[in-house]
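The primary structure of each chain is shown beneath.
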Amino acid sequence: SAMSEQIFEHGGTIDKFMGDGIMAIFGAPLTQLDHASRACDAALNMRRGLMEFNKKLNLSESEAFQMGIGLSTGPMTVGNIGSKRKFDYTVIGDSVNLGARLESLTKYLGVDVLVTQSTVDLVEANKFVFRELFPVQVKGKERPVLIYHLMDYDNNAFDQNEALAIWNKARSLYFSHEWRECLSQLDALRLHWPKDVASDIMTQWCNEALENGVAAEVWVLDQK
C-alpha cells in the first residue's frame, strides 16, 4: 500500500502485482502529456515512502526494505490482451521489456531508480536531477541503451551537486580517452560516494584501457 498510493497519487495505473513487484503504466488508459514526469514523481515519492515505512517499523539498515525501479518510455501496445476466455488490460512491447531490464539492473549498480534516454527527453525541464551513466547492453537487446540514475528533484535541497560534477567530469575524461585524469577524478569521487558501483566499473575500464589501449564503451550484462 505504501508504494501503490504513490503511483495512484501521480495518476498512474497499476497493471499487476508480480510477487514483490509492481507493474504500473502512465499515460494510459487516460492520455497524459506529462506521463514521463508523473512516473519520475511517483518513483521519487516511492523512495520517500519506503524510507518512512522502514522508519515506522524501526528497521536497522540490514533489515530495511529496499526497492529498484526501472522507467522506460516509448511505443507500446495497450489494451485488453489475451484470449476469448481470459484477458487483461495491460501493455506489451519492446519498451515494456526494457523497463523490466532496467529494474533488474538497479541491484547490480546499487541505485534505486534507472531511466532511459527517452524518459529523460520527455520530462519537465529543470525539474529533476539525472546522473548520466553509460550505455548498457542488456540481455535480449541488440543495441546498447544509455541509462540514467534519477537522483532527486532539481532544487536547493539537492545536496550532491559537487559529487555529480566530479562524476560528469570523470565521465567526459574517460570518453575523451584521458584515462589517467579520469582515474584521478574517480578517486576524488570516492570521498563522496565510497560504494559507487558505476565508479568501480569506470575505474576498471580505465585500467584496462591504459593496459591495452582499447576503451570499453558499453557495459555488458548477461543476466536479466
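This text goes with the structure placed above it.
These notes cover the structure that comes with them. (Residues numbered from 1 in each chain as written. Predicted model: local features only at pLDDT ≥ 70, side-chain atom pairs only at ≥ 80, totals over all residues. Heavy atoms only, no water.)

### Concerning unusual backbone geometry
This is how the line gets drawn: Numbering of helices and strands runs from the N terminus, with a helix taken as a DSSP run of H or I at least four residues long and a strand as a DSSP run of E at least two residues long. Buried, partly exposed and exposed residues are distinguished by accessible area as a fraction of the type maximum, computed with a 1.4 Å probe on protein chains only: under 20%, between the cut-offs, and over 50%, respectively.
With omega at 5°, the peptide bond leading from A28 into P29 counts as cis. With respect to the helices and strands, the residue P29 is situated in the loop between β2 (21-25) and α2 (35-56). One non-glycine residue, N58, adopts positive backbone phi at about 55°. Locating N58 in the fold gives a position in the loop between α2 and β3 (69-71). Judged by its relative accessible area of 67%, N58 is exposed. For N126, which is not glycine, the phi torsion reads 60° and is therefore positive. With respect to the helices and strands, N126 occurs in the loop between α4 (117-122) and β7 (128-137).

### Looking at the side chain of D112
Heads up, the condition is: Any N or O atom pair separated by 3.5 Å or less is treated as a polar contact, with the protein-specific requirement of one donor-capable and one acceptor-capable atom, and with residues adjacent in sequence counted only for side-chain atom pairs. Any two residues having at least one pair of non-hydrogen atoms within 4.5 Å are treated as being in contact.
Relative to the helices and strands, D112 resides in the loop between α3 (94-109) and β6 (113-116). Judged by its relative accessible area of 17%, D112 is buried. Side-chain polar atoms of D112 contact the side chain of R47, separated by 2.7 Å. If we skip the residues at most four places from it in the chain, D112 touches R47, M67, G68, I69, T106 and H149.

### Let's talk about helix α7 (residues 197-212)
Definition in use: The span expected for a helix works out to 1.5 Å for each residue beyond the first.
The first and last C-alpha atoms of α7 sit 23 Å apart over 16 residues, in line with the 22 Å expected at 1.5 Å per residue. Taken together, the buried positions of α7 are A198, S199, I201, M202, T203, W205, C206 and A209. Buried residues belonging to α7 abut α3, β7, α5 (161-175), α6 (179-189) and β9 (219-220). Positive backbone phi, at 80°, marks G213, one or two positions downstream of α7.

### Considerations on the packing of aromatic side chains
Heads up, the rule is: When the centres of two rings from Phe, Tyr and Trp lie within 6.5 Å, Trp using its six-membered ring, the rings pair. Their planes under 30 degrees apart give stacked, over 60 give edge-to-face, and anything left gives tilted. Criterion for a charge above a ring: Arg CZ or Lys NZ at most 6 Å from the ring centre, at most 35 degrees from the ring normal.
Counted by the stated rule, this structure contains eight aromatic pairs. A cation over a ring is seen here: R131 above W167, with NZ or CZ 4.1 Å from the ring centre.

### Considering the pairing of strand β4 (residues 77-82)
The line we're drawing: One requirement defines pairing of two strands: DSSP has to find at least two bridges between them.
For β4 and strand β5 (residues 87-92), the ladder comprises six bridges, and the chain directions are antiparallel. Across the sheet, G82 pairs through a bridge with F87, a residue of β5. Hairpin remark: β4 followed by β5, antiparallel, with four residues in the connecting loop.

### Concerning a nonpolar patch on the surface
Rule in force here: Two distance rules govern patches: like charges are joined within 9 Å, and nonpolar side chains (Val, Leu, Ile, Met, Phe, Trp, Tyr) within 5 Å, applied only to residues with over 30% relative accessible area and no salt bridge. Surface exposure here means Shrake-Rupley accessible area, sampled with a 1.4 Å probe, where a residue is shielded only by the protein chains that are shown. Salt bridge, as used here: a side-chain nitrogen of Lys or Arg that lies within 4 Å of a carboxyl oxygen of Asp or Glu.
Taken together, the side chains of F53, L57 and F65 define a hydrophobic patch exposed on the protein surface, amounting to about 290 Å² of accessible area. In this fold, F53 is placed in helix α2. Judged by its relative accessible area of 34%, F53 is partly exposed.

### Considerations on the sheet that holds β6
Sheet strands associate in pairs through backbone hydrogen bonding, adopting either a parallel or an antiparallel arrangement. Stated formally: Under this scheme, a helix contributes an axis fitted over its contacting stretch, all axes are lines through C-alpha atoms, and angles between N-to-C directions fall in the 0 to 180 degree range.
Within the open sheet, the five strands sit side by side as β3-β6-β8-β7-β9. Their pairing is mixed. Strand pairing shows two members of the sheet lacking a second neighbour, β3 and β9, which therefore form its edges. Bridging between β7 and strand β8 (residues 145-153) involves seven bridges; their strand directions are antiparallel. Bridge assignment links F130 to a residue of β8, and that residue is L150. Of the strands in this sheet, β3, β6, β7, β8 and β9 are in contact with α3, which crosses β6 at around 140°. Against the sheet, α5 engages β7 and β8, with an angle of about 30° to β7.

On their own, these measurements won't tell you what the molecule is for.
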